[in-house]
Structure formats: structure tokens, C-alpha cells
2 protein chains.
Amino acid sequence: MSVVISIDAMGGDHAPSVVIDGIALSAVRHPDVKFKIFGRGNDVMPYLEKKTSLKDKYEFIHCDDIVPMDAKPAQVLRRSKQTSMWNMIGAVLEGTAHAAVSAGNTGALMAMSKLRLRMIDGISRPAIASLWPTRSGEAVMLDMGANVEATSDQLVEFAVMGAEYARILFDKKRPTIGILNVGTEAGKGNDVVKNADHFLKEHRDHIHFEYHGFVEGNDITKGTTDVIVTDGFTGNVALKTAEGTAQLIGGYLKAAILSNIWSKIGAWFARHSLAAFKEKIDPKRVNGGVFLGLSGLVVKSHGGTNALGFAAATDLSIDLAKGNIVEAIAKNITDARFF
Amino acid sequence: MSVVISIDAMGGDHAPSVVIDGIALSAVRHPDVKFKIFGRGNDVMPYLEKKTSLKDKYEFIHCDDIVPMDAKPAQVLRRSKQTSMWNMIGAVLEGTAHAAVSAGNTGALMAMSKLRLRMIDGISRPAIASLWPTRSGEAVMLDMGANVEATSDQLVEFAVMGAEYARILFDKKRPTIGILNVGTEAGKGNDVVKNADHFLKEHRDHIHFEYHGFVEGNDITKGTTDVIVTDGFTGNVALKTAEGTAQLIGGYLKAAILSNIWSKIGAWFARHSLAAFKEKIDPKRVNGGVFLGLSGLVVKSHGGTNALGFAAATDLSIDLAKGNIVEAIAKNITDARFF
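About the thresholds
Residues numbered from 1 in each chain as written. Chains lettered and ligands numbered in written order. Predicted model: local features only at pLDDT ≥ 70, side-chain atom pairs only at ≥ 80, totals over all residues. Heavy atoms only, no water. Contact = heavy atoms within 4.5 Å. Buried area = accessible area lost by both parts, 1.4 Å probe. Salt bridge = Lys/Arg side-chain N within 4 Å of Asp/Glu carboxyl O. Polar contact = N/O pair within 3.5 Å; in protein donor to acceptor, adjacent residues only side chain to side chain. Helix = DSSP H or I, 4+ residues; strand = E, 2+ residues; numbered from the N terminus. Pairing = 2+ DSSP bridges. Axes fitted to C-alpha atoms, helices over the stretch in contact; angles between N-to-C directions. 1 Å grid on protein atoms, 1.4 Å probe; cavity = no way out; pocket = protein on both sides within 12 Å on 5 of 7 lines; lining within 4 Å. Points joined across faces, edges and corners; volume = space filled by probe spheres on them. Nonpolar A, V, L, I, M, F, W, Y, C, P; charged D, E, K, R; others polar. Least-squares fit on C-alpha atoms with pLDDT ≥ 70 in both. Expected span 1.5 Å × (residues − 1). Buried < 20%, exposed > 50% of the residue type's maximum accessible area, 1.4 Å probe, protein only. Right-handed = clockwise from strand over helix to strand, strands pointing away.

Engineer: Sorry if this is basic, but what is going on with the interface of chain B and chain A here?
Structural biologist: On the side of chain A, 48 residues touch chain B, which itself brings 48 residues to the contact. Across the chain B to chain A interface the summed buried area is about 4,400 Å²; carbon plus sulfur atoms make up 71%. A per-residue breakdown of the area chain B buries against chain A is headed by Phe233, Tyr252 and Phe269 of chain B, which together make up 15% of the total. Counting every contact that joins chain B to chain A gives 2 salt bridges. Among the salt bridges present, the one from Glu216 of chain A reaches Lys240 of chain B, with a minimum N-O distance of 2.2 Å. The tally of links from chain B across to chain A stands at 18 residue pairs in polar contact (both at pLDDT 80 or more).

Engineer: Can you walk me through the environment of Ala150 of chain A in this structure?
Structural biologist: All names here are of chain A. Considering the arrangement of structural elements, one finds Ala150 in the loop between strand E6 (137-142) and helix H6 (152-169). Distance in space between the C-alpha atoms of Ala150 and Pro126 is 11 Å, their sequence separation being 24 residues. Setting aside residues no more than four positions away along its own chain, Ala150 makes contact with Leu155, Phe158, Val192 and Asp231.

Engineer: Explain the sheet that holds strand E8 (residues 210-215) of chain B here, please?
Structural biologist: Within a sheet, neighbouring strands are paired by backbone hydrogen bonds and run either parallel or antiparallel to one another. Residues and elements named next belong to chain B. Taken in spatial order, the 11 strands line up as E3-E2-E1-E4-E11-E10-E5-E6-E9-E7-E8 in an open sheet, and their pairing is mixed. Looking at strand neighbours, the two that pair on one side only are strand E3 (58-62) and E8, the edges of this open sheet. The average undirected angle you get between the axes of adjacent strands in this sheet is 25 degrees. Relative to strand E10 (residues 289-292), strand E5 (residues 127-134) is paired through 3 bridges, and the arrangement is antiparallel. Counted as the bridge partner of Ile128 is Phe291 from E10.

Engineer: Looking at this structure, how should I read empty space enclosed by the protein?
Structural biologist: With a probe scaled to a water molecule rolled over the atoms, the places where space remains empty come into view. Scanning the entire structure with this criterion turns up 7 cavities of 30 Å³ or more. Of the pockets and cavities examined, the largest cavity occupies roughly 120 Å³. Residue lining of the largest cavity: 16 residues in total, with Ile257 and Leu274 of chain A together with Ile257, Ala270 and Leu274 of chain B positioned closest to the centre. Mapped by element, the contributors of at least two residues to the lining of the largest cavity are helix H9 (232-258) and helix H10 (261-269) of chain A together with helix H9 (232-258), helix H10 (261-269) and helix H11 (271-280) of chain B. Tallied by class, the residues present in the lining of the largest cavity amount to 11 nonpolar, 5 polar and no charged.

Engineer: Help me out: how do you make sense of the relation of the copies chain B and chain A in this one?
Structural biologist: Copy one and copy two of the chain differ by a rotation about a common axis and a shift along it. Superposing chain B onto chain A takes a rotation of 180 degrees combined with a translation of 0.0 Å along the rotation axis, leaving an RMSD of 0.0 Å. Expressed as an axis order, the relation between the two copies is that of a two-fold axis. When each C-alpha of chain B is compared by its distance to the rotation axis, Gly266 of chain B comes out closest, at 1.8 Å.

Engineer: I'm lost on the sheet that holds strand E5 (residues 127-134) of chain A in this one. Help?
Structural biologist: All names here are of chain A. The strand order E3-E2-E1-E4-E11-E10-E5-E6-E9-E7-E8 describes an open sheet built from 11 strands, whose pairing is mixed. Of all the strands in the sheet, the pair left with one neighbour each is strand E3 (58-62) and strand E8 (210-215). On average, adjacent strands in this sheet sit at an angle of 25 degrees to one another, irrespective of strand direction. Across 3 bridges, the pairing between strand E4 (residues 99-102) and strand E11 (residues 298-300) is parallel. Opposite Val101, over in E11, you have Val299 as the bridge partner. Together, E5, E6, strand E7 (176-180), strand E9 (227-229) and strand E10 (289-292) form the strand contacts of H6, whose direction differs from that of E9 by roughly 165 degrees. Helix H7 (residues 191-202) contacts E7 and E8 of the sheet and is inclined by roughly 155 degrees relative to E8.

Engineer: What should I look at first to understand the side chain of Ser84 of chain B in this one?
Structural biologist: All names here are of chain B. Summarising the element assignment, Ser84 is placed in helix H4 (residues 84-94). For Ser84, the side chain forms a polar contact with the side chain of Asp8, separated by 2.7 Å. Excluding its chain neighbours within four sequence positions, the residues that come into contact with Ser84 are Asp8, Met10, Phe38, Gly39, Cys63 and Asp65.

Engineer: Help me understand helix H5 (residues 106-117) of chain A, please; the structure alone is not making it clear to me.
Structural biologist: Note that an α-helix has 3.6 residues per turn; residues three or four places apart therefore point the same way. All names here are of chain A. With 12 residues, H5 should reach 16 Å at 1.5 Å per residue; the first-to-last C-alpha distance of 16 Å fits that figure. All of the buried residues along H5 are Ala108, Leu109, Met110, Ala111, Met112, Ser113 and Leu117. Capping of H5 at its N-terminal end is provided by Asn105; its side-chain oxygen lies 3.2 Å from the backbone amide nitrogen of Gly107. Directly beyond the C-terminal end of H5, a positive phi value near 65 degrees is found at Arg118.

Engineer: Explain the pairing of strand E1 (residues 4-8) of chain A to me, please; I cannot follow it from the model alone.
Structural biologist: Residues and elements named next belong to chain A. Counting buried residues along E1, 5 of its 5 residues qualify, which places the element largely inside the surrounding structure. A two-sided burial pattern is seen for E1, the buried positions comprising Val4, Ser6 and Asp8 on one face and Ile5 and Ile7 on the other. Where E1 lies against strand E2 (residues 34-39), 5 bridges are found, and the strand directions are parallel. The residue of E2 that forms the bridge with Asp8 is Phe38. Taken together, E1, helix H1 (residues 17-29) and E2 form a β-α-β motif whose crossover is right-handed.

Structure representation (C-alpha cells):
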């Protein structure tokens with residue numbers, strides 16, 4: 001299958017340069033992929049024309065308007081349909097692109113995606129899934145903040161969606177799924193997680209993944225399960241707390257290295273290892289919040305990302321599009337409702 | 001005031017040795033403090049008698065029974081009243097000790113503390129408060145898991161309790177308080193946080209702290225506010241996610257240092273700075289979950305802590321007892337209900 005990715009060239013803090021640099025990197029890694037690029041011609045073309053890796057690989061569609069980074073979703077939906085974001089999603093809706101990627105305003109992107117693409121039958125709410133680094137590789141966690149609350153049924157839907165994500169990305173037949181809780185024993189936690197846990201255990205034989213049971217916050221990075229399911233409030237807090245913790249530790253390490261001449265000398269000897277370490281904890285390396293549950297694939301890149309980060313989000317959209325994630329979720333959610 | 005601290009010598013994975021080593025350290029730092037030590041004589045006395053810093057500083061009370069680390073709270077409450085934990089709390093209840101410290105079973109300690117000490121008038125639920133390291137020092141966060149849900153009224157109670165904790169420990173007249181949410185603008189989040197935010201803003205002139213508004217997960221370690229208020233589910237997940245993140249990064253750093261001979265040489269030069277760094281990110285350094293809202297002060301040390309960690313928890317109980325935290329909360333919660 002020749003994959004086409006729809007790109008919002010105007011989204012993000014450093015658009016369009018970072019966006020074009022990003023897809024140019026992704027094009028080198030995926031020479032079979034084509035791009036539909038939406039944006040303002042005057043802003044985008046000077047960057048686009050310079051990229052040899054993108055030559056004959058793209059179609060550019062001019063859009064008069066852009067979605068401001070700080071606009072409220074409701075304002076955006078009232079705006080003209082000339083924005084690059086609106087039209088980028090349109091390509092997925094029409095079927096001329098297999099996925100859409102934007103580094104723009106998250107709330108606006110979610111609102112427009114819901115309005116235009118609608119939900120998959122059997123899914124009540126979309127969820128945002130993120131990749132987390134773990135000791136043994138990576139894990140998928142959802143919801144990272146599409147909703148501020150979740151019912152037990154929605155947690156079960158998140159489990160089905162997360163399982164398809166992990167199946168495609170980690171190439172695992174039966175990914176393991178855990179529900180995030182304050183303890184691992186059954187009976188711990190609030191009614192929402194207890195009911196979802198009970199349901200998944202009862203239907204263990206009918207689901208297409210391994211239900212592990214409850215996991216705790218430290219299990220995320222331990223790699224206890226391939227997928228961690230939680231409501232959007234808890235997921236968002238956990239993600240930002242982890243980012244804050246990484247920044248704090250990074251600051252401590254920097255201060256330790258600069259604290260005296262001996263540690264500075266030490267850092268000089270270890271400079272290549274330290275650079276590799278720094279790259280490893282760079283959140284831009286695992287960039288891309290995937291909107292799941294919609295009848296079309298949309299990937300949100302971090303607004304402040306650099307070209308490498310945008311390329312990571314684009315690569316992710318390509319992998320998930322090739323794996324037919326939307327169709328896989330649609331099929332499995334129907335099965336899950338069957339019993 | 002001559003402070004007396006009640007100690008459960010039998011609680012924790014490495015009791016009683018770690019407990020006795022811990023209070024011996026704390027006794028050096030606080031020569032004015034006395035201890036009431038509860039435990040099995042045969043187990044405790046061999047350690048206790050060796051500690052010169054504790055000479056004439058303690059009273060030992062023999063208890064036949066102990067609370068197992070893996071016992072369920074309900075089982076524990078049915079047990080004999082001969083456990084060291086039950087009697088340790090009793091000393092606070094009788095007024096012969098100003099605070100109690102245990103590294104034992106958290107659920108059992110909370111259940112016993114609630115049963116014996118009861119709530120402060122005007123507080124509906126106890127909360128567990130923890131210290132977090134921040135870029136600028138430390139912050140208090142609560143609830144870390146005493147409850148799995150919270151109402152808006154309870155978040156307001158947590159704010160009042162957290163403010164007293166911060167006032168005493170950070171010696172600040174008007175500590176700043178933030179409510180943890182998925183965004184900082186008013187109107188974000190679920191009804192529970194929105195209503196608590198609305199209430200605190202409306203009563204801004206009548207509360208004894210600065211209400212900052214909403215904060216996000218990364219604000220905890222940024223030090224945006226002195227106190228972060230959240231429900232026990234979110235707080236527990238955030239704490240364990242931060243611990244997991246710190247462990248993951250520690251593992252990456254270790255692997256980076258061991259990756260080649262140059263980085264090993266570098267680490268040798270930087271060994272003192274790295275040791276200081278390691279100590280700084282050691283979670284045992286900030287050890288002690290404080291049970292707030294009860295009409296007596298109880299501090300829970302981490303079950304797997306070492307002597308330094310138990311000493312940190314004991315020091316914390318001494319500081320908070322000297323600051324009369326229970327009386328301060330009782331006074332301020334009455335004022336908060338006044339308007």
C-alpha cells in the first residue's frame with residue numbers, strides 16, 4: 001500500500017519550517033510515502049522547494065487561513081473552513097490520505113477531528129494515546145487528556161484501542177494491558193477501575209489481548225504491560241509529572257557536573273555517553289499523541305517540537321496507517337461488544 | 001515545649017534495627033526530644049541498649065503483638081490490642097506523646113489512626129501529605145492516597161490542611177496553594193476541581209493562604225506553589241509515576257557511564273559530584289507521609305526505608321509537633337467554615 005500522509009504545515013510554535021524539515025527527514029526513512037501538505041503558499045513554498053528528499057513526493061494545497069495556537073476550540077469551529085487544519089483532516093475524510101499530522105492547537109485539532117471524522121461505531125469517546133519509554137522499550141498509555149473523566153465502559157474501549165496500537169507498533173500478537181490504579185490487588189481503587197477490571201477479567205477468553213490486571217504509577221516505566229489504561233485526567237497529570245521529574249533530575253545532574261573542576265573533567269571524558277544519555281531522555285524522541293476512536297487517523301505532534309520530533313510523529317502516523325489501525329479498532333470493538 | 005515522639009519499633013521491612021538506628025540519628029539532631037518506644041522487648045532491647053545518643057531519652061513499652069506488613073486493615077482491627085502500632089497511637093490519644101511514627105502497614109496504620117484518634121471537627125476525611133523536591137526547595141502535596149475519591153469540599157479541606165503543613169515546615173506566613181488539573185485556565189477539568197477552584201477564589205479574602213489557582217503535573221517539581229492539592233487517586237499515581245521516572249533515568253545514566261572506558265574514567269573524576277547527585281535524588285531523603293485531619297499527629301515512614309529515611313520521618317514529626325499542626329488545622333478549618 002502506498003501511504004499518503006496529510007500534513008498541517010501551519011501548526012506548531014515553529015511552523016512551517018520545523019514541519020517541512022520534519023517531513024523531509026521522514027521522507028528519507030520512508031521513500032514509499034507521499035504527502036499532502038496544507039498551508040499558506042507564501043509561508044510554506046520557500047522551505048518546501050529546497051527539500052530534495054521531498055521532490056515529487058508531495059502535493060501542496062494552499063489554504064488562506066490558520067488556526068492560532070491559543071484559540072479556543074469553539075472559536076475555531078466558527079472560523080472559516082479555509083484553515084490548513086480543517087483541510088488536512090478533510091483529506092483523511094475523503095480518503096485521499098491515510099493519516100493526518102499536526103503540531104497545532106490540541107483542543108482545536110480534537111474538536112475538528114471529532115466533528116469531521118466522527119466516532120468509530122461502538123466507541124463513545126476518543127482518547128489520546130502516547131508512547132512512554134520503559135526499561136525494556138516502550139509502552140502505550142491512554143487516555144492522556146482527550147476527556148477529563150471516564151466510565152468503566154470507556155476504560156474497556158480504551159483497552160481495546162490501546163491493544164490495537166500496541167499490536168501494530170510492537171508487532172505483538174497479544175499485547176498485555178493494565179489498568180492504572182493506586183494498588184495492584186483487585187478491590188483497590190474507585191468503582192470505575194474496579195468495574196472495568198471485573199469486566200475484563202470476566203471476558204478474558206473473548207478479548208484479543210492479555211489483561212494483566214491493575215498496575216501502579218511506577219509500573220508505567222517498568223514496562224510491566226504494553227498498554228496502560230487510565231482516564232484522561234490521571235493520564236495527563238501522570239505525563240506532566242513525569243516530564244517535570246525528568247527536568248528536575250536533568251537540572252540536578254547539570255548542577256552536579258558544573259559543581260567543580262573534577263566533575264567538569266569527568267564530563268569531558270564522558271561527553272559522548274552523556275550526549276547519548278541526553279538524547280535518550282529527550283521527550284521529543286517519542287513525540288506524537290495519537291487520537292484513537294475516530295474513523296480516521298490523526299496524530300498530534302507537540303507544539304514546541306523540533307524537526308526530529310515532527311519526524312517522529314510523522315513516522316508514527318505512517319506505521320499506524322500501514323497497520324490499518326482504524327479498521328483494526330472497528331473490528332475489535334465490535335467483537336468486544338459481542339459477548 | 002519538650003516534645004515526646006511515640007515510635008512503632010516493629011513496623012517496616014527492616015524493623016526493629018532500622019527504626020532504632022533512625023531515632024538514634026534523630027536524637028543527635030534533636031537533643032531536647034524524648035521517645036516512647038513500643039515493641040517486643042526481646043527484639044528491640046539488644047539494639048536500643050547500644051545507642052548512646054538515646055541514653056535517658058526514651059521509655060520502652062513492651063507489646064506482645066505486631067501488625068504484619070501484608071495484613072488487611074480489617075483483619076488488623078480485629079486483632080488483639082497488644083500490637084506496637086495500636087499502643088503507639090494510644091500514647092498520642094492519651095496526650096503522653098505529641099506525634100507517632102511508624103514504618104508499618106499503611107492501610108492498618110490509617111485504619112487504626114482513624115479509629116483511635118477520630119477526625120478534627122469540620123474535616124470529613126483524613127489525607128496523606130508528602131514532601132516533593134522542587135527546583136527551588138520542597139512542596140507539600142496531598143492527598144497521596146488516603147482516599148480514592150474526593151469531593152470539592154474535601155479538596156478545600158485539603159487546601160486548609162496543606163497550608164498549615166507548609167506554614168510550619170517552610171516558615172511562610174501565607175503559603176501558596178494550587179489545585180492539580182489538566183490545564184491552568186479556570187473552566188478546565190472536571191466538576192470537582194472546578195467547584196473547589198470557584199470556592200477558593202470566591203473566599204480569597206477569608207482564607208489564610210494565597211490561592212494560586214490550577215497547576216499542572218509539571219508544576220509540582222517546578223515549585224510553582226508551596227502546596228499542591230489533589231484527590232488520593234491522582235496523587236498516588238503522580239507520586240509513583242515520578243518514582244518510576246526517576247528510576248528509569250537513573251538506569252539510563254548508569255548504563256551511559258558503563259557504556260565505555262572513557263565514560264568510566266569520566267565518572268571516576270566526577271565521583272564526588274555523582275555521589276552528591278545520587279543522594280539528592282534518593283527518595284529516602286524526603287521520607288514521611290503525614291496523616292492530616294486526625295486529632296493527633298501520625299507520620300508514616302516508607303516501609304522499605306533505611307535508618308536515614310526513618311530519621312527524616314522522625315525529624316518531620318518533631319517539626320510538625322513543635323508547630324502544633326493539629327491545633328492549627330482545627331483553628332483554621334473552623335475559620336474556613338465561618339464565611
